[in-house]
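Architecture at a glance
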Amino acid sequence: MTDRRVVILLGPPGAGKGTQAVRLSEGLGLPHVSTGDLFRENLSKSTELGLRAKGFMESGKLVPDELVLEMLFDRVSKPDCAEGYLLDGFPRTIPQAEALDARLVGEKTVALLLEVDDSLIVGRAAGRLLCKSCGNIQHLEFSPPAKEGVCDQCGGELHRRKDDEPDVVRERLVVYHEQTAPLVGFYENKGLLRRVKGDQSPDAVYADLLKNLEGAV
Ligand code: AP5
Ligand code: MG
Ligand code: ZN
């Protein structure tokens, strides 16, 4: 065992992983590592990795494991991850989970599953608004900006994600059930899984996450 902590946030698209990861990252003092954010950053800078990931992301498919693993392991090797890290959107396939597992050397690990029914997912994604400047996540209906199109946090410009179109979200959901949902059993078998109801208010979800982290990491 080391003192290093690895917290994994699991859950379908739109479950609230990003929303909760921002709070947890601050609360736990761990860097927030989101593979989706890393790919979007690469895409906005038109890096080779970003361009290779683009087609997969825009059609709601998963980016191939090799690309994800190289990028992720590079990120968690940075000095700010020395005490541990909070994973959002990774792992997403059994091979990714096995690769992570093979790399861990006795870290205190927990997988928190945000459970949200499929029927809520398309609406959550369709209304999502993201800040171009600070990455703040809002929602047209559930956390509406005080001024239309303007981030409550920094005054930056809010925009929509390209993969939040209903057809793409439905495809992401199919992909989730086929390729990512098996990770629930994977972490359950290791005794590392904690389930949290994701269909409550963001404050209530956060409180439940903290409760489930007690004694786990
Ligand atoms: P990624 O960016 O990880 O997307 P995702 O997993 O589909 O999840 P989302 O970011 O859509 O949802 P979220 O759970 O973060 O919800 P949020 O907090 O924003 O991945 C995008 C793509 O990148 C993938 O499709 C794939 O192509 C690629 N990729 C990334 N990682 C990969 C990997 N490991 N392997 C392969 N490919 C990978 O909340 C959603 C909305 O709901 C917001 O508007 C928010 O305000 C609202 N909301 C949040 N909580 C609540 C609440 N409690 N009540 C009401 N509304 C709420
Ligand atoms: Mg997210
Ligand atoms: Zn902002």
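Residues numbered from 1 in each chain as written. Chains lettered and ligands numbered in written order. Predicted model: local features only at pLDDT ≥ 70, side-chain atom pairs only at ≥ 80, totals over all residues. Heavy atoms only, no water.

Distances from the zinc ion (ligand 3) to its protein donors, C131 (SG), C134 (SG), C151 (SG) and C154 (SG), fall within 2.3 to 2.4 Å. With four donor atoms in place around the zinc ion (ligand 3) and angles of 101 to 113° between them, the coordination shape is tetrahedral. Within one chain, the residues donating to the zinc ion (ligand 3) are spaced in sequence as C-x2-C-x16-C-x2-C. The class of C151 is buried, set by a relative accessible area of 3%. Residue C154 is classed as partly exposed on the basis of its relative accessible area of 42%. (Donors = N, O, S within 2.8 Å, 3.2 Å for Na, K, Ca; no water. Tetrahedral: all angles 85-135°; square planar, octahedral: opposite > 155°, others 65-115°. Buried < 20%, exposed > 50% of the residue type's maximum accessible area, 1.4 Å probe, protein only.)

Our focus in this paragraph is the environment of T2. Along the chain, T2 turns up in the segment before β1 (5–10). Relative accessible area serves as the criterion here: at 24%, T2 is assigned to the partly exposed category. When the C-alpha atoms of T2 and L30 are compared, they prove to be 15 Å apart, with 28 residues separating the residues in sequence. Not counting chain neighbours up to four residues away, the residues in contact with T2 comprise V105, G106, E107 and K108. (Helix = DSSP H or I, 4+ residues; strand = E, 2+ residues; numbered from the N terminus. Contact = heavy atoms within 4.5 Å.)

This paragraph deals with the site of ligand 1. Residues in contact with ligand 1 amount to 34 residues; listed here are only the nearest, T19, K61, R92, R128 and R172. A distance of 2.8 Å is found between a nitrogen atom of ligand 1 and a backbone nitrogen or oxygen belonging to Q200. Relative to its free-state accessible area of 1,000 Å², ligand 1 is covered by the protein chains to the extent of 95%. Sorting the residues of the shell around ligand 1 by element identifies α1 (17–28), α2 (35–44) and β6 (137–139) as the ones contributing at least two each. Classifying every residue of the shell around ligand 1 by side-chain character gives 11 nonpolar, 14 polar and nine charged. (Near = heavy atom within 4 Å. Polar contact = N/O pair within 3.5 Å; in protein donor to acceptor, adjacent residues only side chain to side chain. Areas by Shrake-Rupley, 256 points an atom, 1.4 Å probe, with all protein chains shown as cover. Nonpolar A, V, L, I, M, F, W, Y, C, P; charged D, E, K, R; others polar.)

Here we come to the sheet that holds strand β2 (residues 32–34). Either a parallel or an antiparallel arrangement is found when strands of a sheet pair, and the pairing is made through backbone hydrogen bonds. Taking strand neighbours across the sheet as the criterion, the five strands line up as β2-β3-β1-β4-β8 in an open arrangement whose pairing is parallel. Whereas interior strands pair on both sides, the edge strands pair on one side only; in this sheet they are β2 and β8 (193–197). When strand polarity is set aside, the average angle formed by the axes of neighbouring strands in this sheet is 25°. Where β1 and strand β4 (residues 108–115) come together, six bridges link them in parallel fashion. Note on β4: the bridge partner recorded for V7 is V110. (Pairing = 2+ DSSP bridges. Axes fitted to C-alpha atoms, helices over the stretch in contact; angles between N-to-C directions.)

Bringing the side chain of R161 into the picture now. Take R161: it is sitting in the loop between β7 (158–159) and α7 (166–180). Beyond its immediate chain neighbours, meaning those up to four positions away, R161 contacts R40, R128, L130 and R172.

Taking 1.5 Å of rise per residue, 15 residues should cover 21 Å, and α7 covers 20 Å from first to last C-alpha, within 8% of that figure. V168, V169, R172, L173, V175, Y176 and T180 are the residues of α7 that are buried. All buried residues of α7 lie within an arc of 165° about the axis, which places them on one face of the element. Seen from the open side of α7, the exposed residues pointing more than 90 degrees away from its buried face are D167 and E178. Against α3 (48–58), β4, α6 (118–126), β5 (128–131) and α8 (182–189) lie the buried residues of α7. (Expected span 1.5 Å × (residues − 1). Arc of directions from axis to C-beta.)

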